[in-house]
Amino acid sequence: MLSFKLAEKRHSIRSYKTKALSGSDLSVLKQLIEEAPVFSNDSGLKMVLVQNGSELAPKLSGYAGYFGNMIEAPQYIVLTCTQGKLCRKTAGYIGEWLVLNALKHELGACWIEVLDSVNVKRILELNTDDEAVAMIAFGYPKKEHQMSSIYANMGQNSLSSLTDMGYPNITADFSQAPTRDRKTIMAFVYLNEWGVTPELENLEKLGLHEALFYMRLAPSYGNRQPWMFLIRNSGIDLIVETSDKISGTIQCLDAGIAMFYLEVGLKDSGFRGSWNLDEGLRDDSIPEGYAFAGRYVFE
Ligand SMILES: Cc1cc2nc3c(=O)[nH]c(=O)nc-3n(C[C@H](O)[C@H](O)[C@H](O)COP(=O)(O)O)c2cc1C
């Protein structure tokens, strides 16, 4: 069972030992790909394990990673999709399942944005018409402290760890807080109606506080944490903040990751249910700038 402890331990690893994974750890990754849960039937998601990562990483520079800064790792899993949001949300959900399950085997991981699918597929020799929507690096972590500082001290011209890590010209579009800074629960939860923030006590009475606390640990692109949750009698709506600066693919990946975390948190808290992604469920009161991503419907 995936638990709070596991997610608390999780953080993005951006610096890996160059050695390839041992035979048994490689088998773990292969097995995870085979055993990944089904989030949605016929989503079209495929996962490909790439093994000579250290050799390929320099070639991928400019085509993947924030601002084209590729993260070098001995192994990657590439997630490819057919058209449509469903596959991209599924990629987020399943990809993060892979990350947390790999962590059980002490393998570090980091999501990597794909900026140019055509060139990524060419370099990785992936013969498919599908789009490479994301990569995930896997390997043995090098220096633990390096991974959480990517968004630290990111004011312009600051000599922060970002400069060391090859992000000299980063602009503070997303967050000025240290990487792992997370919003408080109250900043992303509404009860019954959009805009109505509940007391923590109400969430405790409903038994939802732990699941929502767990939600805070989810990773997101640029640590945006774009999610809002609207609690209803029948379930919980995931509403995501949209952005015209970020691709639709990334926004769907973030939504899928959020769905995975909320579901794990709810299941750990004893709530059974499943996600309904039918956009017809969208509540008209949701303001512009936000999109309905799915409803977790209680059984
Ligand atoms: C869809 C997605 C794409 C990401 N792409 C990158 C990337 O290209 N480069 C990178 O260094 N981190 C990337 N990240 C990692 C986030 O920056 C990281 O999850 C976030 O800052 C929170 O930090 P944490 O994962 O250590 O908790 C990505 C995360 C997500 C969810």
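Our structure is the block above this text.
Note that the structure is a prediction, hence the values are computed from the model and not measured. What you see as residue numbers is a count from 1 along each chain, following the sequence as written. It should be noted that, the model being predicted, local features are given only for residues of pLDDT at least 70 and side-chain atom pairs only at 80 or more, the latter also being counted only at that level, while totals for whole chains, interfaces and linings use all residues. Working from all heavy atoms in the structure, the side-chain values ignore hydrogens and water.

Draft legend 1. Here's a closer look at the overall build of the chain. Secondary structure counts use DSSP, requiring at least four H or I residues in a row for a helix and at least two E residues in a row for a strand, with both numbered from the N terminus. Of the regular secondary structure elements, the chain holds 9 helices and 9 strands. Each of the 299 residues in the chain was classed as buried or not, and the buried ones make up 56%. Accessibility throughout is a Shrake-Rupley quantity obtained with a 1.4 Å probe, and a residue counts as covered only by protein chains that appear here. Summed over all atoms, the accessible surface of the chain reaches about 13600 Å², with 47% contributed by carbon and sulfur. Note on exposure labels: buried denotes an accessible area under 20% of the residue type's maximum, exposed denotes more than 50%, and partly exposed covers the range between, all computed with a 1.4 Å probe on protein chains only.

Draft legend 2. Geometry of the packing of helix H2 (residues 23-35) against helix H4 (residues 85-103). Across the interface, H2 lies against H4 with an axial gap of 10 Å and an inter-helix angle of 140 degrees. Between H2 and H4 lies a crossing of right-handed hand. Taken together, the residues of H4 that come into contact with H2 (itself represented by Leu29, Leu32, Ile33 and Glu35) are Trp97, Leu98, Asn101 and Ala102. Class assignment for the residues of the contact of H2 with H4 results in 6 nonpolar, 1 polar and 1 charged. Where helices are involved, their axes are fitted lines through C-alpha atoms of the stretch in contact, as for all axes, and angles between N-to-C directions lie from 0 to 180°. Left-handed describes a crossing whose near helix is turned anticlockwise from the far helix through less than a right angle; right-handed describes the clockwise counterpart. When checking whether two residues touch, look at their non-hydrogen atoms; a contact exists if any pair is within 4.5 Å. Note on residue categories: nonpolar means Ala, Val, Leu, Ile, Met, Phe, Trp, Tyr, Cys or Pro, charged means Asp, Glu, Lys or Arg, and polar means any other residue, Gly included.

Draft legend 3. Representation of the nonpolar core in the model. Remark: nonpolar core denotes a set of buried residues (Ala, Val, Leu, Ile, Met, Phe, Trp, Tyr, Cys) joined through side-chain atoms within 4.5 Å. Leu79, Leu212, Leu238 and Tyr261 are the most contacted members of the largest nonpolar core, which has 78 residues in total. Among the elements that make up this core, the one with the highest residue count is helix H9 (residues 248-268) (11 residues). Taken domain by domain, this core gets at least three of its residues from each of domain 1 (4-148) and domain 2 (185-298). Apart from the residues within four sequence positions on either side, Leu212 is in contact with Ile185, Phe188, Val189, Leu203, Phe229, Ile231 and Leu262. Counting residues in each nonpolar core, the second largest holds 22 residues, with Leu56, Ala73, Met135 and Ala137 among its members. An automatic or database domain assignment supplies the residue ranges for each domain.

Draft legend 4. Summary view of the sheet that holds strand S9 (residues 290-298). The strand order across the open sheet built from 5 strands is S5-S6-S7-S9-S8, with neighbouring strands paired in mixed fashion. The sheet is open, and its two borders are formed by strand S5 (189-191) and strand S8 (273-276), each paired with just one other strand. The average undirected angle you get between the axes of adjacent strands in this sheet is 25 degrees. Here a strand pair is declared whenever DSSP counts at least two bridges between the two strands. Pairing analysis gives 3 bridges linking S5 to strand S6 (residues 227-231), with the strands arranged parallel. If you follow Leu191 over to S6, its bridge partner there is Ile231.

Draft legend 5. Layout of unusual backbone geometry. Residues other than glycine seldom take positive phi values, yet Asp42 does so here, at roughly 55 degrees. Overall, Asp42 belongs to the exposed group, its relative accessible area being 77%. A positive phi angle is found at Phe67, which is not glycine, with a value near 55 degrees. By the element assignment, Phe67 lies in the loop between helix H3 (53-60) and strand S2 (75-81). With a relative accessible area of 52%, Phe67 lands in the exposed category.

Draft legend 6. Spatial organisation of the pairing of strand S3 (residues 108-113). The element S3 is largely enclosed, with a buried count of 6 among its 6 residues. Along S3, one buried face is formed by Gly108, Cys110 and Ile112 and the opposite face, lined by Ala109, Trp111 and Glu113, is buried too. Note that S3 and strand S4 (residues 131-139) share 6 bridges and pair antiparallel. Bridge pairing links Ala109 to Phe138 in S4.

Draft legend 7. Molecular detail of the state of the cysteines. Put simply, a disulfide is two cysteine sulfurs that come within 2.5 Å. Using the criterion set out here, one finds 1 disulfide in the structure. Each sulfur of the disulfide joining Cys81 and Cys87 lies 2.2 Å from the other. As the torsion about the S-S bond is roughly -90 degrees, the Cys81-Cys87 disulfide counts as left-handed. Look at Cys87 and you get buried, because its relative accessible area is 1%. The thiol of Cys252 is not disulfide-bonded; the next cysteine sulfur, from Cys81, is found 9.1 Å away.

Draft legend 8. Seen up close, the pairing of S6. Judged by how many residues are buried, S6 sits mostly within the fold: 5 of 5 residues are covered. Of the two faces of S6, both are covered, the one formed by Trp227, Phe229 and Ile231 as well as the one formed by Met228 and Leu230. Taken together, the 5 bridges between S6 and strand S7 (residues 235-241) define a ladder with antiparallel strand orientation. Following the sheet pairing, Trp227 is matched in S7 by Val240. Between S6 and S7, which pair antiparallel and follow one another directly, the connecting turn spans 3 residues.

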